[in-house]
Amino acid sequence: MCIRDSHQPLHASAFINGTYSTPKGDSGGNKYFVEDDITGQDFGNLHYLWDSGIGLLKALNERPIKASSLEYVRKVSEEIMKNYTKEHFGPLAKEKSVLKWAQESLQLANDYAYGPLNGSKVITKEYQAQAFEVIKSQLALGGYRLAQKLRDALRGQDFGQRGTILREQEGKIKFLAEGDETNEDIETEDI
């Protein structure tokens, strides 16, 4: 599992029963095909349904990614961060252990991805609504945690022509650009 994927519950799990045997089970939902309870529409597999954010991130599946898709993701990201602030998560936002992140995702997979289905292939509107909130929460939490990992990894690194990170102040990383005659700080956006 990649560190960037550790907050997607189906990246930390595998469903095992009479249909899906060990050791890989349903391969994190990749072999677990699901459909809409009202229309019977084929959603593909459970893993894809969660990867797509129950449709929230479907625009990112297009290749090449369009500028309008990136603008959509920016707006969605802002909305998610407004509803799921860093403070919302309390001490969870500061957890640095990737193993603990994976354990949290496994629990979410049990509670929200697999548990409500109880072996069924039918995705209800209630399931979708609950999964949608878990996905938005995990996107925000993962973003905050990964941003901190990047801050920790890049603090004090020399970037040659691009500048050197000098310090972190008030949640922003300050850069001093080399060769900049004005010797002004360049500020990144809040993360």
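Residues numbered from 1 in each chain as written. Predicted model: local features only at pLDDT ≥ 70, side-chain atom pairs only at ≥ 80, totals over all residues. Heavy atoms only, no water.

Moving on, we get to helix α2 (residues 67–83). In this model α2 runs 25 Å from its N-terminal to its C-terminal C-alpha over 17 residues, within 8% of the 24 Å that 1.5 Å per residue would give. Of all the positions in α2, only Ser 69, Val 76 and Ile 80 are classed as buried. The arc enclosing the buried residues of α2, seen along the axis, measures out at 40 degrees, which places them on a common side. Structural note: α2 exposes Ala 67, Ser 68, Leu 70, Lys 75 and Lys 82 on the side pointing more than 90 degrees away from its buried face. For α2, the elements touching its buried residues are α5 (125–154). (Helix = DSSP H or I, 4+ residues; strand = E, 2+ residues; numbered from the N terminus. Expected span 1.5 Å × (residues − 1). Buried < 20%, exposed > 50% of the residue type's maximum accessible area, 1.4 Å probe, protein only. Arc of directions from axis to C-beta. Contact = heavy atoms within 4.5 Å.)

Looking now at the side chain of His 7. The residue His 7 is located in the segment before β1 (33–36) in this model. One polar contact links His 7 to Ser 6, side chain to side chain, over a distance of 3.4 Å. Ignoring any residue separated from it by four or fewer positions in sequence, one finds His 7 in contact with Trp 101, Ser 105, Gln 138, Leu 141, Gly 142 and Arg 145. (Polar contact = N/O pair within 3.5 Å; in protein donor to acceptor, adjacent residues only side chain to side chain.)

Going through the model one piece at a time under the given rule, you end up with 7 salt bridges. Residue Lys 136 pairs with Glu 133 through a salt bridge whose shortest N-O separation is 2.9 Å. A residue pair is termed a helical-turn pair when its members lie 3 or 4 positions apart in one helix, as Lys 136 and Glu 133 do in helix α5 at 3 residues. Lys 136 gets classed as buried once you look at its relative accessible area, which sits at 16%. Assessed through its relative accessible area of 35%, Glu 133 is described here as partly exposed. One connected set of salt bridges, linked through shared partners, spans Glu 71, Arg 74 and Glu 78. (Salt bridge = Lys/Arg side-chain N within 4 Å of Asp/Glu carboxyl O.)

A rise of 1.5 Å per residue sets the reference length of helix α4 (residues 98–114), with its 17 residues, at 24 Å; its end C-alpha atoms lie 22 Å apart and thus fit the reference within 8%. The axis of α4 is deflected most strongly, by about 30 degrees, at Leu 108. Buried positions along α4 lie against α1 (46–51) and α5. (Bend = angle between axes of the 7 residues up to and from the residue.)

Our next topic: the environment of Asn 45. Mapped onto the secondary structure, Asn 45 falls in strand β2 (residues 42–45). Exposure remark for Asn 45: the relative accessible area of 14% places this residue in the buried category. It is 4.1 Å that separates the C-alpha atoms of Asn 45 and Phe 33, two residues lying 12 residues apart in sequence. Filtering out sequence-adjacent residues up to four positions away, Asn 45 remains in contact with Gly 29, Asn 30, Tyr 32, Phe 33 and Val 34.

Right, let's talk about the sheet that holds β1 for a bit. Read across the sheet, 3 strands follow the order β2-β1-β3 without closing on themselves; strand pairing throughout is mixed. Each edge of the open sheet is held by one strand with a lone partner, namely β2 and β3 (122–123). In this structure, β1 lies alongside β3, joined through 2 bridges in parallel fashion. Each residue of the ladder has a partner; that of Glu 35, found in β3, is Val 122. (Pairing = 2+ DSSP bridges.)

On to the pairing of β1. Pairing of β1 with β2 involves 3 bridges; the strand directions are antiparallel. Bridge pairing in β2 places Glu 35 opposite Asp 42. Turn length for the β1-β2 hairpin, with the two strands adjacent in sequence and antiparallel, is 5 residues, and the turn residue Gly 40 shows positive phi of about 75 degrees.

Before going further, it helps to examine the packing of aromatic side chains. Applying the stated rule across the entire model yields 3 aromatic pairs. Ring centres of Tyr 32 and Tyr 114 lie 6.1 Å apart, and the angle between their planes is 55 degrees; this geometry places the pair in the tilted category. With a gap of 82 residues between them, Tyr 32 in the segment before β1 and Tyr 114 in helix α4 connect regions that are remote in the sequence. Between Tyr 84 and Phe 89, the aromatic rings sit 6.3 Å apart at their centres with planes inclined by 20 degrees, giving stacked as the arrangement. Phe 89 carries the same exposure label as Tyr 84, and that label is buried. Lying across the ring of Tyr 32, Lys 121 places its NZ or CZ 4.5 Å from the centre. (Phe/Tyr/Trp six-rings, centres within 6.5 Å; stacked < 30°, edge-to-face > 60°. Lys NZ or Arg CZ within 6 Å of the ring centre and 35° of its normal.)

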